Amino acid sequence: VAPGRRRMCPLGWLGVASLCLGTLWAVPAQERRKAEKPKADLTLYENLDLDNYDLTLDNYGEILDLSNYEELYDYGDLAPKIEVGTLAPRPKDPKTFPDLGETTAGTPKLQPPSGAGPVPPAPIPGQGELRLPSCLLCLCLGTSVYCDDADLEHIPALPPDTTYLYARFNRIGAVRAGDFSGLAKLKRIDLSSNSISWADADAFRLLPSLQELLLPENRLTELPELPRPIVRLDARLNRIPSAGLRPEAFRDLKQLQFLHLSDNQLDFIPVPLPESLRSLHLQNNNIQTMHEDTFCDSQDQGQIRRALEDIRLDGNPINLSLFPNAFFCLPRLPTGRFS
């Protein structure tokens, strides 16, 4: 038995040795596999706490970093590019736009704020009765509306709190009675350099705050009735004859200070003139004569009319030296021909 036992010992030792050698070879193989992995893969996990990897809506942004999501996935041309500052293209079929006047079931219509009346629309030039709010056609800044050189053919419908209107260098042909209705705060209207050939008699008369009316370089042949608070009227470079002025048109305008009617077709000086008048420009008309009471009261030799310091009659076929009693009360002689 002993000899047999001695013969089996080498076999047993060989088995034990193979096991040991297999173990020794296994460890380096695992180490080699770890070393073969890229270092970039290790960095993905070095800050990842796998013990607390509980994904919820609260910690979604903390566990997954989406800041470089576009770099991870390239959409290419799947979505159209829209440049900043440009408008999205309109659909080909305009019916795809929702009708703001209609509402879906259960959705109430939007109502304007209480106390704010709707602004009436203004006509679009060349499009008949199609109308838009005036602040889409013009520039509205505070209570001022600027419509200069906007190719308008009509007075635009204005916001109810408009104080100043500038609509110069347009193609407006007429001023209607309702163009300024309800504008109680309107102080200045500037319609210079248009094509206005007529204005309704009540186009301006009912404006309670109007102080300046500027109508130069138009085609007026008749002057409409003016409101009582008017301070400045400029109707130069029109076609207004003396017959186009109402009798005693300026007598009751107690606040009128500047009356400029030069370059028209007047035959005489429109009298009586209010005591408030400071500047009267009538140059380049057809005035040939004047009355003794045109500027002064011929019965009151002590009268001094201090306010009226600027009278221009140059460019008229009148010899002022023939009418000395007409302006003896003035602080300055009128400008014109004296010979």
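The name given to the protein chain in an unreviewed UniProt entry is OPT protein, with the source organism recorded as Edolisoma coerulescens. UniProt, in its Sequence similarities (unreviewed entry) section for the protein chain, records the words "Belongs to the small leucine-rich proteoglycan (SLRP) family. SLRP class III subfamily."

## Considerations on the pattern of salt bridges
Opposite charge on two side chains lets them pair, provided their charged atoms get close. All told, the structure shown has 14 salt bridges when counted by the stated rule. A salt bridge links D151 to R171; the shortest N-O distance between them is 2.7 Å. Taken together, the residues D151 in the loop between β4 (144-146) and β5 (164-166) and R171 in the loop between β5 and β6 (174-175) connect sequence positions 20 residues apart. Taking relative accessible area as the criterion, R171 reaches 39% and is therefore assigned partly exposed. The salt bridge involving D202 is made with R205; its shortest N-O contact spans 2.8 Å. Classification of R205 as partly exposed rests on a relative accessible area of 32%. Three or more residues are tied together by salt bridges with common partners; here these are D148, R168 and D190.

## Some thoughts on the state of the cysteines
For the structure shown, the criterion picks out 3 disulfides. Residue C296 pairs covalently with C329 via a disulfide, S to S 1.9 Å. For the disulfide bridge between C296 and C329, the dihedral angle about the S-S bond is near -90°, and by the sign convention the bridge is left-handed. Taken together, the residues span a long stretch of sequence, with C296 in the loop between β12 (279-281) and β13 (310-312) and C329 in the segment after β13 at a distance of 33 residues.

## Some details on the environment of L223
Mapped onto the fold, L223 is located in the loop between β9 (212-214) and β10 (232-234). Since its relative accessible area comes to 6%, L223 is described here as buried. With 22 residues separating them along the chain, L223 and A201 place their C-alpha atoms 8.0 Å apart. Contact partners of L223, with chain neighbours within four places excluded, come to L233, A235, I240, G244, L245 and F250.

## Quick look at the packing of aromatic side chains
Scanning all chains against the criterion turns up 3 aromatic pairs. A ring pair is formed by Y146 and Y166, whose centres lie 5.1 Å apart and whose planes are at 5°; its orientation type is stacked. Taken together, the residues span a long stretch of sequence, with Y146 in strand β4 and Y166 in strand β5 at a distance of 20 residues. The class for Y146 is partly exposed, based on a relative accessible area of 32%.

## Examining the sheet that holds β4
Spatially, β3-β4-β5-β7-β9-β10-β11-β12-β13 is the arrangement adopted by the 9 strands of the open sheet, whose pairing is mixed. Whereas interior strands pair on both sides, the edge strands pair on one side only; in this sheet they are β3 (139-141) and β13. For this sheet, the mean angle separating the axes of adjacent strands, direction not counted, is 5°. In the sheet, strand β7 (residues 188-190) pairs with β9 via 3 bridges, with the strands oriented parallel. When the bridges of β9 are listed, I189 appears paired with L213.

## Quick word on the nonpolar core
In this structure, F180, I189, F204, F250, L280, M290 and F295 are the most contacted members of the largest nonpolar core, which totals 57 residues. Aside from chain neighbours lying at most four places away, what touches L280 is L259, I269, L273, F295, L308, D310, I311 and R312.

## Observations concerning a nonpolar patch on the surface
Together, L139, L141 and Y146 make up a nonpolar patch on the protein surface, roughly 270 Å² of accessible area in all. For L141, the location among the structural elements is in strand β3. Classification of L141 by relative accessible area gives partly exposed; the value is 49%.

## Section: unusual backbone geometry
Cis geometry marks the peptide bond from V271 to P272, where omega comes out at 0°. Mapped onto the elements of the fold, P272 is located in the loop between β11 (258-260) and β12. At D149, a residue that is not glycine, the phi angle is positive and equals roughly 50°. Of note, D149 is situated in the loop between β4 and β5. A residue is classified by how much of its surface remains accessible, and D149, at 63% relative accessible area, is exposed. For S193, which is not glycine, the phi torsion reads 60° and is therefore positive. Along the chain, S193 falls in the loop between β7 and β8 (198-199).

Basis of the calculations
- Residues numbered from 1 in each chain as written.
- Predicted model: local features only at pLDDT ≥ 70, side-chain atom pairs only at ≥ 80, totals over all residues.
- Heavy atoms only, no water.
- UniProt positions renumbered as here; feature names shortened; annotations may be inferred.
- Salt bridge = Lys/Arg side-chain N within 4 Å of Asp/Glu carboxyl O.
- Helix = DSSP H or I, 4+ residues; strand = E, 2+ residues; numbered from the N terminus.
- Buried < 20%, exposed > 50% of the residue type's maximum accessible area, 1.4 Å probe, protein only.
- Disulfide = S-S within 2.5 Å.
- Contact = heavy atoms within 4.5 Å.
- Phe/Tyr/Trp six-rings, centres within 6.5 Å; stacked < 30°, edge-to-face > 60°.
- Pairing = 2+ DSSP bridges.
- Axes fitted to C-alpha atoms, helices over the stretch in contact; angles between N-to-C directions.
- Core = buried A, V, L, I, M, F, W, Y, C linked by side-chain atoms within 4.5 Å.
- Patch = residues over 30% accessible without salt bridge, like charges linked within 9 Å, V, L, I, M, F, W, Y side chains within 5 Å.
- Areas by Shrake-Rupley, 256 points an atom, 1.4 Å probe, with all protein chains shown as cover.

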